[in-house]
Amino acid sequence: MKNYLTLVVFAGALATASFSAWSVQPLTDSSDTSQLRPAGTVSVSRASNLDDLQDKLAEKARQEGAKGFVVNSAGGDNHMYGTATIYK
């Protein structure tokens, strides 16, 4: 039983570590992007609010292999849309 508990705790820690390795962070200023290079843009639409828009942009950036992104534009009323520059 003790070995099982240790395995469960280890698996949880490993899952958390691997999830953070895949997350893409929004970049806020030039010091965030100084070590990275721009690698293109992504765009999304049909977000319900700004948080949803940022989450969708982060997912698209992750799919493109980016380490971070900077939101260039956001707009809309009932359905938000936006673009972001991705950095690798």
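Remember, predicted model here, so these are calculated numbers, not experimental data. (Residues numbered from 1 in each chain as written. Predicted model: local features only at pLDDT ≥ 70, side-chain atom pairs only at ≥ 80, totals over all residues. Heavy atoms only, no water.)

Novice: Mind laying out the sheet that holds strand S2 (residues 38-47), listing which residues take part and the relevant values?
Specialist: One open sheet holds the 4 strands; their spatial order is S1-S3-S4-S2, and the pairing between them is mixed. Each edge of the open sheet is held by one strand with a lone partner, namely strand S1 (25-26) and S2. Pairing of S1 with strand S3 (residues 68-75), which is carried by 2 bridges, proceeds in the parallel orientation. Across the sheet, the residue bridging to Pro 26 is Phe 69, located in S3. Sitting on the sheet, helix H3 (residues 50-63) is in contact with S1, S2, S3 and strand S4 (80-87), with an inclination near 140 degrees to S2. (Pairing = 2+ DSSP bridges. Helix = DSSP H or I, 4+ residues; strand = E, 2+ residues; numbered from the N terminus. Contact = heavy atoms within 4.5 Å. Axes fitted to C-alpha atoms, helices over the stretch in contact; angles between N-to-C directions.)

Novice: Explain the nonpolar core to me, using residue names and the numbers behind them.
Specialist: Residues Val 42, Leu 53, Leu 57, Ala 61, Phe 69, Ala 84 and Ile 86 are the most contacted members of the largest nonpolar core, which totals 13 residues. For this core, the secondary structure elements donating two or more residues are S2, H3 and S4. For this core, the element with the most residues is H3, which contributes 4 residues. When residues no more than four places from it in sequence are discounted, the contact partners of Ala 84 are Gly 40, Thr 41, Val 42, Leu 57, Phe 69, Val 70, Val 71 and Asn 72. (Core = buried A, V, L, I, M, F, W, Y, C linked by side-chain atoms within 4.5 Å. Buried < 20%, exposed > 50% of the residue type's maximum accessible area, 1.4 Å probe, protein only.)

Novice: Requested: an account of the pairing of S3, with residues and values cited.
Specialist: Inspection of the sheet shows S3 paired to S4 by 7 bridges, in the antiparallel sense. Counted as the bridge partner of Val 71 is Ala 84 from S4. From the end of S3 to the start of S4, which pair antiparallel, there are 4 residues, and Gly 76 there has a positive phi angle of about 115 degrees.

Novice: Give a description of the environment of Asn 49 that names residues and reports values.
Specialist: In this fold, Asn 49 is placed in the loop between S2 and H3. For the pair Asn 49 and Gly 75, spaced 26 residues apart in the sequence, the C-alpha separation amounts to 9.7 Å. Here the side chain of Asn 49 touches Asp 52 through a polar contact of 2.7 Å, landing on its backbone nitrogen. (Polar contact = N/O pair within 3.5 Å; in protein donor to acceptor, adjacent residues only side chain to side chain.)

Novice: Now, about the side chain of Thr 85: what can you tell me, with residues and values included?
Specialist: Relative to the helices and strands, Thr 85 is located in strand S4. Looking at Thr 85, its side chain comes within polar contact range of the side chain of Asn 72, at 2.9 Å. Excluding anything up to four places from it in sequence, Thr 85 contacts Pro 38, Gly 40, Thr 41, Gly 68, Phe 69, Val 70 and Asn 72.

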